[in-house]
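Examining the three-dimensional arrangement
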Amino acid sequence: VLARYGQAWRGVKPKLAAEHGAIGCILYSDPQLDGYAQGDVVPKGAYRPEESVQLGSVLDIALYPGDPTTPFVGSLPGAKRLDRSEATTIPRIPVLPISYGDARPLLDALGGPVASEAWRGALPLTYHLGPGPARVQLQLAFDWRLATAFDVIAVLPGAERPDTWILHGNHHDAWIAGATDPVSGLVAMLEEARAVGELARSGHRPRRTIVYAAWDAEEPGLIGSTEWAETHEDELRRKAAVYVNTDSNARGFLAASGSFSLERFLNEVARDVADPQSGTSVLARSLARQRIEGRSSSEPTISHAMGAAIENPTAIPFEALGSGSDFTAFVDHLGIAALDFSYCCESDYGVYHSEYDTFEHFARFVDPTFEYERTQAQTGARAMLRLADAEVLPFDPRPLAERAGGIVDEIRRETDRFRDETARKNEWIADGLYRVIADERHPDVPPEPQAPVPHLDFSPLDNAVEKLKAAAERYGRAADALAARAEPLPPAAAAEIDRALIATERSLLDPEGVPGRPWFRHLLYAPGLATGYAAKTLPGVREAIEERSFPVAESQIRRAAEALERCAGETARAAELLERALGIPVPAAPLQGGRSRETRLLMP
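The shown structure was predicted, so the numbers you read here are calculated from the model rather than taken from an experiment.

Procedures and definitions
Residues numbered from 1 in each chain as written. Predicted model: local features only at pLDDT ≥ 70, side-chain atom pairs only at ≥ 80, totals over all residues. Heavy atoms only, no water. pLDDT = per-residue confidence, 0-100. Contact = heavy atoms within 4.5 Å. Pairing = 2+ DSSP bridges. Helix = DSSP H or I, 4+ residues; strand = E, 2+ residues; numbered from the N terminus. Axes fitted to C-alpha atoms, helices over the stretch in contact; angles between N-to-C directions. Salt bridge = Lys/Arg side-chain N within 4 Å of Asp/Glu carboxyl O. Buried < 20%, exposed > 50% of the residue type's maximum accessible area, 1.4 Å probe, protein only. Phe/Tyr/Trp six-rings, centres within 6.5 Å; stacked < 30°, edge-to-face > 60°. Lys NZ or Arg CZ within 6 Å of the ring centre and 35° of its normal. Disulfide = S-S within 2.5 Å. Core = buried A, V, L, I, M, F, W, Y, C linked by side-chain atoms within 4.5 Å. Patch = residues over 30% accessible without salt bridge, like charges linked within 9 Å, V, L, I, M, F, W, Y side chains within 5 Å. Areas by Shrake-Rupley, 256 points an atom, 1.4 Å probe, with all protein chains shown as cover. Lys, Arg positive; Asp, Glu negative; His and termini not counted. Charge placed at Lys NZ, Arg CZ, Asp CG, Glu CD. Parallel < 35°, antiparallel > 145°, perpendicular 65-115°, else oblique. Left-handed = near helix turned anticlockwise from the far one by under 90°. Nonpolar A, V, L, I, M, F, W, Y, C, P; charged D, E, K, R; others polar. Polar contact = N/O pair within 3.5 Å; in protein donor to acceptor, adjacent residues only side chain to side chain. Expected span 1.5 Å × (residues − 1).

What follows deals with the confidence of the model for the chain. For the chain, the mean per-residue pLDDT works out to 91, and 92% of the residues sit at or above 70. Counting interchain partners and residues more than four positions distant, the pLDDT-below-50 stretch residues 296–309 has 35 contacts.

Two orientations exist for strands paired in a sheet by backbone hydrogen bonds: parallel and antiparallel. Taken in spatial order, the three strands line up as β1-β2-β3 in an open sheet, and their pairing is parallel. Because the sheet does not close on itself, it has two edges, and the strands there are β1 (2–4) and β3 (95–98). For this sheet the average axis-to-axis angle between neighbouring strands, irrespective of direction, equals 30°. Bridge count between β1 and strand β2 (residues 25–28): three bridges; the pairing is parallel. Bridge pairing in β2 places Ala3 opposite Leu27. Against the sheet, helix α1 (residues 12–19) contacts β1, β2 and β3, and its axis sits at roughly 150° relative to β2.

Counted under the stated rule, the structure contains 42 salt bridges. Of the charged contacts in the structure, one is a salt bridge between Glu414 and Arg417, with a shortest N-O distance of 3.2 Å. Here the residue Glu414 and the residue Arg417 both occupy positions in helix α12 (residues 397–431), the gap between them amounting to three residues, near one helical turn. Here Arg417 falls in the partly exposed class, since its relative accessible area comes to 26%.

Within the structure shown, the criterion is met by 12 aromatic pairs. Here Phe142 and Trp144 contribute two aromatic rings whose centre-to-centre distance is 5.6 Å and whose plane-to-plane angle is 20°, an arrangement assigned as stacked. Here Trp144 falls in the partly exposed class, since its relative accessible area comes to 44%. Here the aromatic rings of Trp228 and Phe330 are separated by 6.5 Å at their centres, their planes lie at 45°, and the arrangement is tilted. Linking Trp228 in helix α5 (residues 223–231) with Phe330 in helix α9 (residues 328–333), this pair joins segments that are 102 residues apart in sequence. For the pair Trp228 and Phe330, a shared accessibility class is recorded, and that class is buried. Joined through ring pairs, the aromatic side chains of Trp215, Trp228, Tyr243 and Phe330 make up one cluster. One cation-aromatic arrangement involves Arg285 over Phe253; the distance from NZ or CZ to the ring centre is 4.2 Å. For Arg517, the ring lying beneath its charged end belongs to Phe520, and the centroid distance is 5.6 Å.

Here we take up the state of the cysteines. Scanning the entire structure with this criterion turns up one disulfide. There is a disulfide in this structure between Cys344 and Cys345, and the S-S distance comes to 2.3 Å. Negative torsions about the S-S bond denote left-handed disulfides, and the value of about -45° found for Cys344 with Cys345 makes this one left-handed.

Before going further, it helps to examine the nonpolar core. Leu236, Leu461, Leu489, Ile497, Leu538 and Ile545 are the most contacted members of the largest nonpolar core, which has 119 residues in total. Sequence-distant contacts of Leu489, that is, excluding residues within four places in its chain, are made with Glu391, Val392, Leu482, Ala494, Ile497, Leu578, Ala581 and Leu582. If you look at the next biggest cluster of nonpolar residues, it comprises 10 residues, including Ile26, Ala103, Leu125 and Tyr127.

Further remarks concern a negative patch on the surface. On the surface, a cluster of negative charge is made up of Glu50, Glu51, Asp102 and Glu355. Looking at the secondary structure, you find Glu50 in the loop between α2 (31–34) and β3.

Further remarks concern the packing of helix α14 (residues 459–483) against helix α17 (residues 550–582). Two numbers describe a pair of packed helices, the interaxial angle and the distance between the axes. The geometry of α14 relative to α17 is characterised by a closest axis approach of 8 Å and an angle of 20° between their N-to-C directions. Comparing the axis directions of α14 and α17 gives the class roughly parallel. With respect to the hand of their crossing, α14 and α17 are arranged in left-handed fashion. Taken together, the residues of the contact of α14 with α17 break down into 23 nonpolar, one polar and five charged.

Pairing is mixed in the open sheet, where six strands are placed in the order β4-β6-β5-β7-β9-β8. Whereas interior strands pair on both sides, the edge strands pair on one side only; in this sheet they are β4 (152–156) and β8 (252–258). With direction set aside, neighbouring strand axes in the sheet form an average angle of 20°. As judged from the five bridges shared by strand β5 (residues 161–171) and strand β7 (residues 240–245), these two strands associate in the parallel manner.

Next up on the list: the side chain of Asn426. Along the chain, Asn426 turns up in helix α12. A polar atom in the side chain of Asn426 sits 2.8 Å from the backbone oxygen of Gln450. Apart from the residues lying within four places of it in its own chain, the contact partners of Asn426 are Pro449 and Gln450.

Along the chain, Glu546 falls in helix α16 (residues 539–546). With 125 residues separating them in the primary sequence, Glu546 and Glu421 have C-alpha atoms 13 Å apart.

Taking 1.5 Å per residue as the helical rise, α12 with its 35 residues ought to reach 51 Å, and the 51 Å between its terminal C-alpha atoms agrees with that figure. The N-capping residue of α12, defined by a side-chain oxygen 3.0 Å from the backbone nitrogen of Arg398, is Asp396.

Mapping Arg542 onto the fold places it in helix α16. In this structure the C-alpha to C-alpha distance between Arg542 and Ala553, which are 11 residues apart in sequence, comes to 7.6 Å. At 2.6 Å, the side chain of Arg542 and the backbone oxygen of Thr537 are in polar contact.

What follows covers the packing of α12 against α16. Packing of α12 against α16 leaves a shortest axis separation of 11 Å and a crossing angle of 5°. One finds that α12 runs roughly parallel with respect to α16. Residues Ile407, Glu410, Ile411, Thr415 and Phe418 of α12 form the contact with α16, whose own contacting residues are Val541, Arg542 and Ile545. Within the contact of α12 with α16, the residues separate by chemical class into five nonpolar, one polar and two charged.

Structure below.
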């Protein structure tokens, strides 16, 4: 199979190819995506020349990231390892990336039907789907030896709560030069760490412990961060409060993803960071862009993680975290609230994961003045210092509750649409309409009617969301009262509130994990099984519906509802602790939600 980059994550392509009988897979970057169709190519311009090869891991990280032979445990000497044949994330067929210059004669030689418009690229040829007279000999060599990965960890102990950690990580390994990915993000993090160190040497010690990490082996499959997190799982579960992730950086607008409870916090940080181009804040500039361009207007489907577009935004909305960078082990496996942010979208960058991603390229096309490198460092430093120094952790569960409700409503709407589409297709099949249009250009035409989509009972999720909203509003009122108060809280009370807030994210974990993927324990966020990087919210529910496994969907609705109820209980507990510390009368109603025995094992 010859496949081009784009749409789905690269690792999905050989996986699907193998499932459909392929014995090998060749990947190439079409110039439509990042070559001459986008702009002048290197050396005249920023885009990929015809001889450039895009490299990248094709491990199936939607099953689990990290060392393929040590899922769930750190890859240390003496660790029990799977045989390579048992490692399910390693592709079952050989995969080779090539340039679009080398792909052209292969595409030219293909026969078969002409590709539909959406499947055509920008090479000067007619795109056929195959098969045809073209024959390829694919010969690859592999080196299966183990090698040592080097994570660099720096710790600044907290003065008041040393056992509560705020972490910031960025990987240091690259495909070849890696000036944009990852050095642009790493340099900004190192400058941020230097400034924090200068503050410490001048006498300012953070309240909580700050940990900086430069991860190795991210590119082969998030190995350095995943193995470190698995090795230190017990300590991280007890101590880690927030993980901040950065990766690449460029010129442009602040883009953010993360745990929804941190959405308001990062917007407050963005409000106080100056944008070097406009002279206003990076928050104001990003909001202006949203007002002009809007959010994604693509028609929603059951696989989308987000709901309706925002036409008049007042905040930078978070995308849900999926995978593809080093936050994965922290949020998806350990339930640590996480942020991921960078600046983007005003640069010319067509040399991703290639030998052309050099300092010269970055300085000419990505951020010539290096102003957004400074802005990234300022954003990261403000976020880390505020997280480390806040009297109580700056979590706000109100956006989490609202987004959870929107996600449930969206899945319900899309399930109804899915039901209507299935009924309509079955009518067409019964009337013979599909037989009229079916030909080799329509291989996806269902030959048999599909089972109807039953009514799914979303009431457990509706009830859980209402409990979470009530608890979030209660905590929000107490947090607003804290913000207006001049007198500090007793340190012991503030530390206990911290622990309760940390538990709100942990409560969304389930020891059994997402169906078929037990490493991914978070029931609200996970990468999609067939999307790789992109997130699926309420993944167990969504994917069961997509796969037409409706009894599984019913059980996943109940499991997800239990997780949201646990989160509501922990949120209400945090609210009560804060109310007592502030002297606010505590409602007589009992706490809503609670912890199961299994969930307690995952809590701090």
